[in-house]
Amino acid sequence: MAKKYDTPMLDELKKGAFPSFITEIEKATETADYAKDLLGLLERSFNEKKTHWKHGGIVGVRGYGGGVIGRYSDIPDEFPGVAHFHTVRVNQPSGFFYTSDALREICDIWEKYGSGLTNMHGSTGDLVLLGTNTESLEPIFAELSSRGWDLGGSGSAMRTPSCCVGQARCEWANIDTMAITNEITQHYQDEMHRPMFPYKFKFKVAGCACDCIASIARADMSIIGTWKGDIQIDQKEVANYAKGGMDIQAEIIDMCPTQCMGYDGKAISINNEHCNRCMHCIAKMTKALKPGKERGATILLGSKAPIVTGALLSWVIVPFMKMEPPFEELKDLIDRIWEWWDEHGKNRERVGELIERLGFPTFLKGVDLEPHPAMVTEPRRDPFFFWSEEDIEK
Amino acid sequence: MAKKYDTPMLDELKKGAFPSFITEIEKATETADYAKDLLGLLERSFNEKKTHWKHGGIVGVRGYGGGVIGRYSDIPDEFPGVAHFHTVRVNQPSGFFYTSDALREICDIWEKYGSGLTNMHGSTGDLVLLGTNTESLEPIFAELSSRGWDLGGSGSAMRTPSCCVGQARCEWANIDTMAITNEITQHYQDEMHRPMFPYKFKFKVAGCACDCIASIARADMSIIGTWKGDIQIDQKEVANYAKGGMDIQAEIIDMCPTQCMGYDGKAISINNEHCNRCMHCIAKMTKALKPGKERGATILLGSKAPIVTGALLSWVIVPFMKMEPPFEELKDLIDRIWEWWDEHGKNRERVGELIERLGFPTFLKGVDLEPHPAMVTEPRRDPFFFWSEEDIEK
Amino acid sequence: MSDLPERQTDIGPPHYEKFLPPVIKKNYGKWAYHEEKSAGVMVHVAESGDKITTVRVASPRILATQSLREMSEIADKYCDGYIRFTTRNNVEFLVSDESKVDGLVKELKDKKYMLGGIGSRISNVVHTQGWVHCHSAATDASGLVKAIMDELSEYFTDKETPAKVRLAVACCVNMCGAVHCSDIALVGVHKTAPRILDEEIKNMCEIPSTVASCPTSAISPNPKEKSVKIKLEKCMYCGNCYSVCPAMPIADPKNDGVAIVVGGKVANLRTVPKFSKLAIPWIPNNPPRWPEVTDAVKKILDTYIAGAMKHERVGEWVERIGWEKFFDITGLEFKIQHVDDFTFARETFRMAATFKH
Amino acid sequence: MSDLPERQTDIGPPHYEKFLPPVIKKNYGKWAYHEEKSAGVMVHVAESGDKITTVRVASPRILATQSLREMSEIADKYCDGYIRFTTRNNVEFLVSDESKVDGLVKELKDKKYMLGGIGSRISNVVHTQGWVHCHSAATDASGLVKAIMDELSEYFTDKETPAKVRLAVACCVNMCGAVHCSDIALVGVHKTAPRILDEEIKNMCEIPSTVASCPTSAISPNPKEKSVKIKLEKCMYCGNCYSVCPAMPIADPKNDGVAIVVGGKVANLRTVPKFSKLAIPWIPNNPPRWPEVTDAVKKILDTYIAGAMKHERVGEWVERIGWEKFFDITGLEFKIQHVDDFTFARETFRMAATFKH
Ligand code: SRM
Ligand code: SRM
Ligand code: SRM
Ligand code: SRM
Ligand code: SF4
Ligand code: SF4
Ligand code: SF4
Ligand code: SF4
Ligand code: SF4
Ligand code: SF4
Ligand code: SF4
Ligand code: SF4
């Protein structure tokens, strides 16, 4: 197909071993014209070293406050094909599993009404349909929703929850990450589609402390599977690892952060009371070691990107919670947290920032959680703490 | 001697193995009356569980703005002997060395004009004369100064510098702590005696990273001796330690924080490039290991107690400075720091707090120090940093 | 539009069970262990003895429907149509019938798919929109990823690294991704303050929220112009005001560029999750291949590979040797920008007399 | 007063050289090593082979001139008059003539001096003025020291601890000493807000500086009374306002008490210097012997001795086992007060999924 614009810079990026996004954009010119102008606009950006997109206006589908990111070019006259170039965030199925039929269903709709370009997936987890115009939004939504798909979150709302593959294909999943993710998503549809929070709220669910969904770094609530009880050891398999050439002392025992493991050249012993369940030994000796038998999750709260007062990682607010459907204890906690955040949060204040501003103890009291040493790496160092009326002798 | 007051609570504290401060106060009743009323007042405090001292008024000696802490009882009518009970901070000799004659000289003056009670020494380092009245201050100062003694600091001034015993009796002293302390004290007499800083400024000098003067915790400027070059090893003495029953592997090699040591059952080896000069191995094997040959100091700035925004430990501002009399490089640095602090510091703002408020980079530029990775444990984690005009392309 | 089907709302995504291969449904939660067969192939074995083979290929994340259709066809041929994407945007073909694995691998290779990313290697680069779609981008994302991964592809397809190495790219400091917790990551940064378009501010922006948006209080109202002023020496170019008020454009082609941060991670193994720290504050944007950036990344990677112990992540290695050694052996310059002066600066000061010369 | 000698100013302290024993002057900076002979006796040996023996005794720090005179006499007899004090307020007799050491030790013991404090033991307690001299004291200092050291004296004179254990006492949160960096330390704390004496504030205090003194902005002006107001729920009883304005007394006998902090240190050996952390937020003042306080200190000390490795300081031990284990095995209650909400609280949150059950 003939090129609409000369793109020498972009052409350079078609070379090389790694699959090329330029090639993808070029492919998309076959089903719609958006991609042609996108190539032109992008070549311009590469030349000028600056973006040519403007702030998003408010666009969306009827009855929803989110799910679409409005996007307009700042040089629409030169590249009319991408004058509008909105993205549609389609809520992915938990665990990112698809069938070929499902994918083709999406493709059919998207070739008809959009650029044909996607992100599989966006950083939050959505199946992102990349680039369409305002008029196409309602048709796309009708086509999608009538086939069982729905939009994800955007704006000051619950954002699309996501999770690691979990029990579907991982031997270490202490919790059913996909079931939890699906349940939260379904239970809080209203909170996702009609922004009414102080700011965004993200959920990510990982089956174990490997955290293959990076939940601790980028979810307002991180749910991470873990266990109680002794790590299960299969000493025969330990011997096999040794036979296979693993230096168990150096690679496992010496790297255990709590130094709670021993190896006598034959068998591994673990002082489980001192294990902090970091997953190192289990991950490196998957055939020999398995998590303890009582399974559940640690709930952590608060992570976010650095803007504005510095990044946060989520931190422990519930050391151990059983995770059985229908996950009532979890939902109850979420409700209490949202209520407290709603009441006290300022506009554009993430829940972690709010807790920082008002104090972690205030949060604990506000959502009725008992203080526990697992919530902190160390107690406070200064002698400035508050007391309540009932602590005071009159 | 007959007691002036009944002191059953205090009497209890005359029992027991540890030397009793009550016994000391009782002794002091022999040379003056202050101590009698002090016992009465103190018994009262023990009974009522509260202090009976009021805020210090401004008292002192002519021409000095500090060196005396004014103190008045809040029940002077009941205990007139301690209605005034000011302390005189006498600048101790560096290293806290005395001769018996010098001590007796102090005793003579203090028995004549004061309570006879002392603190040997105050936390900052002064020889504290504990309790006298306003009229006695000038006589005490005349008697002291005519005999070669002078007052220490108080108020918003340079405070009395102090140091560890250093080269006088310690094999690890990399710098002459007493000479440095004496030099600073003498050079900055005006800054010590006439408060004109935003707040207090303390110096403490330690000969090595053992920091036997706790400089890193409680000196606005902490000067800590260190070395460059390889740790000197005497392998014969290593063998002696092993023979003597030391578990060199467990006690030394495994405890080296940088894991830069090796031991093959006979000799110790050190990868000096990775040694952070923590002093552990040297301290535990003083006969076998000695610091490297090039000696100097690390200069750290900023420590203070927790009030008001949390405690600070001093942190590195000069990784390595040679320390030869007359210590010009050090004095020059001190002058630059004071000038910057004077210009920017708020009232009652310690230099460490000021740096926190304005930013460490601002301080470095302000006092003309080059950034060095030793100043931080890690680089910043956020992407929010400043550039100067010369960094910008127009 | 009358031929549109009837829309539904708040139905949520399709249930995942619809998309699970039967062997997964059967052995759900009952996997026993897994084995890496090669950089791109791994097998999970269930307690029942059942197996599922995963074949992983790289993806540029921006995928045209044509590519999705091609992958779907391949999945039909070898995987009964089952396919998934990873949390780092790779594509995974899920093979239930072991005998089909070799054919699948061959076909993927023939079609120039890049197999790999499993194990102690470099996997895909988590990244963001860049000049392809975002108004906020100080650099491009997909372009940078392509430039870097072309250089490092052997670490995806073959060579091992001491531990997993997670790369990320964010096109601005909003950091939509995990740049702030990645082994080596790039972030687009500005170096100059936003321009103030007084006329447009009047119309487009709310003055109080614009003033409030600035973390350093650099912005104050300018009542005369019904606009705002910026105290230039207080601005650290975060662009937050621009997010709130579009009439304060911050893009500046000559001075926008890329910062490199290193040593972050999210896994809890051995050591706690870590933030990335600043390694290089600024490198100019030099599209299409950003050679200075790729060189710097390679330098850091090579030094890590040479120095780290087995299983040690980049951040674990740097913390073991110390940041002062990191600057020493990489030869990177330690500049005033590395010295933290933000919210929690205090915790980064070296409050100890111990460091390496 | 006409018989007073002529005063001099700004002469500074006497030069230390006047007070150094000849053997020290000769071997200054040339010491080779030292040996501990017992808990109270150590010998330093110079490169020249010369020796100096140090005999250390405990001091209550408050010393009457009579005691100084007695020590001076002893120093004359055995030490050519040379004596020094340590940075922790012990007294050191400096013996140049080795043959005199035994006589000195005997005389000291006869006179009931408490020898010890050298090596891996508990040395003297760094402390402050308390009810003996300070207006700010929420507890006494010397009394607490006496009560504790009577209980722990055997660790001074004899028994070893895994490493040096540094105790400290401060009578208020100003912490004149090293409480904030001690192995185990006590600090006097208030639990109620200052009272406002409107009449006296008018005369004695400057309103703006009083308002500014409050770290939590709990104080605001009360123009009607020419005084100030306190928002009670914001006050964390630091007493800083009282330091600035004496008409805001904060002492409250029923609610003042003692907090225990643990795990601090200043030495750089092995691990970097550490702040002390809160172990027990409040124990009532119970003079003269504060039994609840001494019990708690002993409990912490015993747990440390039982659990620490050789050379491990309290803070190193706690960090090795984790604070959650510390609370577990000491049986101390973890309360809401332990959870940091001050300036740098963020750094104490457990941003990891790893902890011990
Ligand atoms: C599309 C996506 C990047 C991508 O290429 O994958 C994205 C794109 C944008 N993000 Fe993001 N964020 C995306 C995931 C993230 C993540 C990662 C995550 O969710 O796991 C983060 C870091 C975690 C976090 O939430 O802190 C993230 C942190 C931000 C921030 C930082 C503000 C904050 O809350 O701390 C902003 C700025 C803002 O909200 O004003 C932002 C804002 C934006 C906006 C809406 C910028 C804007 O003001 O218009 C971007 C729209 C770009 C576009 O043109 O489409 N985005 N954003 C991701 C969402 C796709 C999806 O739905 O799956
Ligand atoms: C006497 C002494 C305690 C002792 O028993 O040894 C002392 C006593 C007082 N200190 Fe201190 N400080 C003493 C060493 C310290 C130290 C330790 C040190 O210097 O090594 C510190 C902690 C380190 C530091 O400087 O941060 C210390 C941190 C404070 C503070 C905390 C404020 C701050 O600057 O962070 C205050 C409050 C203030 O300045 O308003 C304070 C205030 C006071 C006052 C002046 C309280 C007042 O406002 O009247 C106390 C007078 C008590 C009295 O009645 O004599 N004192 N003070 C120490 C001085 C003796 C000497 O000259 O040798
Ligand atoms: C497929 C995927 C989950 C998913 O739902 O999509 C996944 C799958 C597995 N991960 Fe992961 N991880 C996946 C993203 C992650 C992430 C998230 C990320 O990178 O954003 C992390 C956190 C990385 C970090 O800390 O920054 C992650 C940290 C781990 C670790 C811990 C590595 C470490 O030493 O720190 C292990 C254990 C190991 O490698 O020994 C692990 C192990 C595994 C195992 C072996 C688990 C198992 O038994 O099945 C899986 C195959 C490993 C492999 O690819 O080498 N996985 N894994 C993700 C593949 C991404 C990709 O395409 O490369
Ligand atoms: C005499 C004195 C210096 C002075 O100028 O007065 C001193 C003298 C010595 N110290 Fe010290 N230290 C003295 C206060 C300190 C302090 C300051 C403090 O406690 O406020 C510290 C820092 C404590 C802290 O970290 O909190 C201190 C931390 C050390 C250490 C490091 C201990 C550790 O493992 O952390 C050593 C080395 C060792 O013990 O192996 C050491 C070693 C020594 C040696 C062995 C040095 C030598 O070779 O002469 C000296 C005799 C040790 C002894 O008493 O066991 N000295 N030493 C101080 C005696 C105080 C006392 O009466 O007990
Ligand atoms: S987070 Fe744990 S359970 Fe989930 S995929 Fe990774 S290793 Fe498996
Ligand atoms: S999970 Fe981690 S802490 Fe527990 S035994 Fe294994 S390596 Fe040690
Ligand atoms: S700080 Fe170092 S030089 Fe000074 S006395 Fe202690 S061990 Fe010796
Ligand atoms: S001084 Fe410390 S870091 Fe250096 S070799 Fe000795 S123990 Fe290791
Ligand atoms: S990182 Fe910045 S520029 Fe990139 S997508 Fe996110 S908001 Fe846009
Ligand atoms: S770019 Fe950031 S720092 Fe600069 S004015 Fe805007 S909001 Fe403030
Ligand atoms: S700690 Fe407080 S009460 Fe004690 S001497 Fe210092 S200022 Fe006074
Ligand atoms: S005691 Fe402290 S917190 Fe309370 S009002 Fe006074 S200054 Fe403020």
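Novice: What is the right way to look at the state of the cysteines in this model?
Specialist: By definition, a disulfide links the sulfur atoms of two cysteines through a covalent bond. Residue and element names in this part refer to chain D. Within this structure, the stated rule accounts for two disulfides over all chains. In this model, C205 is linked to C245 through a disulfide, with the two sulfur atoms separated by 2.1 Å. Judged by the torsion about the S-S bond (80°), the C205/C245 disulfide is right-handed. Of this pair, C205 sits in the loop between α5 (198–204) and α6 (207–212) while C245 sits in the loop between α7 (240–244) and β11 (257–262), and the two are 40 residues apart along the sequence.

Novice: Looking at this structure, I do not really get unusual backbone geometry. What am I missing?
Specialist: Across the chain, the bulk of peptide bonds are trans and the bulk of non-glycine residues have phi less than zero. The omega angle of the peptide bond from B:M120 to B:H121 is 5°, so this bond is cis rather than trans. Looking along the chain, the bond that leaves D:P287 and enters D:P288 is cis, with omega of 5°. When you line up the elements, D:P288 lands in the loop between β12 (277–284) and α8 (291–307). In this model, B:R277 sits at a positive phi of 60°, which is unusual for a non-glycine residue. Mapped onto the fold, B:R277 is located in the loop between β13 (268–270) and α11 (280–284). Accessibility expressed as a relative area gives 4% for B:R277, which makes it buried. Even without being a glycine, D:R270 presents a positive backbone phi close to 60°. By the element assignment, D:R270 lies in the loop between β11 and β12.

Novice: Would you explain the sheet that holds strand β2 (residues 68–69) of chain B in this entry?
Specialist: Within a sheet, neighbouring strands are paired by backbone hydrogen bonds and run either parallel or antiparallel to one another. Taken in spatial order, the five strands of this open sheet run β2(B)-β4(B)-β7(B)-β6(B)-β4(D), and their pairing is antiparallel. At either margin of the open sheet sits one strand with a lone partner, and together these are β2 of chain B together with β4 (62–64) of chain D. Sheet topology places β2(B) next to strand β4 (residues 86–90) of chain B; two bridges connect them, and they run antiparallel. Paired with B:V68 across the two strands is B:V88, which belongs to β4(B). The sheet contacts of helix α4 (residues 100–113) of chain B involve β6 (117–120) and β7 (127–132) of chain B, and relative to β7(B) the element is tilted by about 15°.

Novice: Please clarify how the domain arrangement of chain C should be interpreted in this entry.
Specialist: How big an interface is tends to be reported as the loss of accessible area on association of its parts. If you check the domain split of chain C, you get domain 1 (16–110), domain 2 (126–191 + 253–348) and domain 3 (198–244). A C-alpha centroid distance of 51 Å is found between domain 1 of chain C and domain 3 of chain C.

Novice: Just checking my understanding: could you explain the interface of chain A and chain D for this structure?
Specialist: Taken together, the contacts link 50 residues of chain A with 47 residues of chain D. Ranking the residues of chain A by area buried against chain D places A:R380, A:F386 and A:W387 at the top, with a combined share of 16%. The tally of links from chain A across to chain D stands at four salt bridges. A salt bridge links D:R346 to A:E356, with the shortest nitrogen-to-oxygen separation between them at 2.6 Å. Elements with a minimum of two residues in the side of chain A that touches chain D: β10 (221–228), β15 (294–301), β16 (315–321) and α14 (360–367) of chain A. For the side of chain A that touches chain D, the class distribution of residues is 28 nonpolar, ten polar and twelve charged.

Novice: Sorry if this is basic, but what is going on with the interface of chain C and chain A here?
Specialist: Counting residues at the interface gives 110 residues for chain C and 124 residues for chain A. Overall, the association of chain C and chain A removes approximately 10400 Å² of surface from exposure, summing both partners, and the carbon and sulfur fraction of that is 61%. Per-residue buried area on chain C facing chain A is highest for C:R7, C:W131 and C:H133; these three make up 8% of the total on that side. Across the contact surface, chain C and chain A share ten salt bridges. The tally of links between chain C and chain A comes to 68 residue pairs in polar contact (both at pLDDT 80 or more). Counting residues per element, the side of chain C that touches chain A draws most heavily on helix α2 (residues 65–79) of chain C, at eight residues.

Novice: Just checking my understanding: could you explain the coordination of the iron atom of ligand 2 for this structure?
Specialist: Tetrahedral coordination by four donors places them ideally at 109.5 degrees to one another around the metal; octahedral coordination by six donors ideally gives 90 or 180 degrees. Here the protein supplies the iron atom of ligand 2 with just one donor, D:C176 (SG), and that contact is 2.2 Å long. Looking at the secondary structure, you find D:C176 in the loop between β7 (167–170) and β8 (184–189).

Novice: What is the right way to read the sheet that holds strand β6 (residues 117–120) of chain A from this model?
Specialist: Taken in spatial order, the five strands make up an open sheet running β2(A)-β4(A)-β7(A)-β6(A)-β4(C), and their pairing is antiparallel. One side of each edge strand has no neighbouring strand; the edge strands of this open sheet are β2 (68–69) of chain A together with β4 (62–64) of chain C. Running at roughly 15° to strand β7 (residues 127–132) of chain A, helix α4 (residues 100–113) of chain A makes contact with β6 and β7 of chain A of the sheet.

Novice: Whenever I open this one, the packing of aromatic side chains confuses me. Can you help?
Specialist: Geometrically, a pair of aromatic rings is defined through the distance of the ring centres and the angle of the planes. Tallied over the full model, the rule gives 61 aromatic pairs over all chains. Here the aromatic rings of B:F385 and B:W387 are separated by 5.9 Å at their centres, their planes lie at 80°, and the arrangement is edge-to-face. Given the relative accessible area of 2%, B:F385 is considered buried. Arranged with centres 5.2 Å apart and planes meeting at 90°, the rings of C:F327 and C:F334 form a pair that is edge-to-face. Accessibility classification places C:F327 together with C:F334 in one group, the buried group. Among the aromatic residues, those joined into a ring-pair cluster are A:Y188, A:F197, A:F201, A:F203, A:W338 and A:W341.

Novice: Any chance you could explain the environment of A:C163 here in plain terms?
Specialist: Along the chain, the position of A:C163 falls in strand β8 (residues 162–163). Counting along the chain gives 67 residues from A:C163 to A:F96, while the straight-line C-alpha distance between them is 8.6 Å. When sequence neighbours within four positions are dropped, the list of residues in contact with A:C163 reads A:S94, A:G95, A:F96, A:T177, A:M178, A:T181, A:V205, A:I213 and C:T87.

Novice: Can you help me understand the site of ligand 1 in this one?
Specialist: As a structural note, the neighbourhood of ligand 1 is formed by 28 residues, with A:D126, A:R350, C:R61, C:H133 and C:C176 the closest of them. Ligand 1 sits at a junction of chains, with neighbouring residues supplied by chains A and C. A distance of 2.6 Å separates an oxygen atom of ligand 1 from a polar side-chain atom of A:Y199. A:R348 is positioned with one of its side-chain polar atoms (N or O) 3.1 Å from an oxygen atom of ligand 1. Partitioning the shell around ligand 1 into residue classes produces six nonpolar, eleven polar and eleven charged.

Novice: Could you clarify how one ought to interpret the confidence of the model for chain C in this entry?
Specialist: One rule of thumb: low pLDDT means the predicted coordinates there are not for detailed reading. With 99% of its residues at a pLDDT of at least 70, chain C reaches an overall mean of 97. The complex model carries a pTM of 0.97, and its ipTM stands at 0.96.

Novice: So what exactly am I meant to see when it comes to the side chain of D:K277 here?
Specialist: Relative to the helices and strands, D:K277 is located in strand β12. One buried charge, D:K277, has no salt-bridge partner; the nearest side chain with opposite charge is A:E378, at 4.0 Å. Beyond its immediate stretch of four places on either side in the chain, D:K277 contacts A:E378, A:P379, A:R380, A:R381, D:I260, D:V261, D:V262, D:E319 and D:W323.

Novice: Teacher, can you tell me more about the side chain of C:E324 here?
Specialist: Residues and elements named next belong to chain C. Among the structural elements, E324 can be located in helix α11 (residues 323–330). Relative accessible area serves as the criterion here: at 8%, E324 is assigned to the buried category. Among the polar contacts made by the side chain of E324, one reaches the side chain of R350 at a distance of 3.0 Å.

Novice: Sorry if this is basic, but what is going on with the domain arrangement of chain A here?
Specialist: Along its sequence, chain A is organised into domain 1 (17–146), domain 2 (162–227 + 295–389) and domain 3 (230–290). Taking only C-alpha atoms into account, the centre of domain 1 of chain A sits 48 Å from that of domain 3 of chain A.

Reading the values: rules and limits
Residues numbered from 1 in each chain as written. Chains lettered and ligands numbered in written order. Predicted model: local features only at pLDDT ≥ 70, side-chain atom pairs only at ≥ 80, totals over all residues. Heavy atoms only, no water. Disulfide = S-S within 2.5 Å. Helix = DSSP H or I, 4+ residues; strand = E, 2+ residues; numbered from the N terminus. Buried < 20%, exposed > 50% of the residue type's maximum accessible area, 1.4 Å probe, protein only. Pairing = 2+ DSSP bridges. Contact = heavy atoms within 4.5 Å. Axes fitted to C-alpha atoms, helices over the stretch in contact; angles between N-to-C directions. Domains from an automatic or database assignment. Buried area = accessible area lost by both parts, 1.4 Å probe. Salt bridge = Lys/Arg side-chain N within 4 Å of Asp/Glu carboxyl O. Nonpolar A, V, L, I, M, F, W, Y, C, P; charged D, E, K, R; others polar. Polar contact = N/O pair within 3.5 Å; in protein donor to acceptor, adjacent residues only side chain to side chain. Donors = N, O, S within 2.8 Å, 3.2 Å for Na, K, Ca; no water. Phe/Tyr/Trp six-rings, centres within 6.5 Å; stacked < 30°, edge-to-face > 60°. Near = heavy atom within 4 Å. pLDDT = per-residue confidence, 0-100. Lys, Arg positive; Asp, Glu negative; His and termini not counted.

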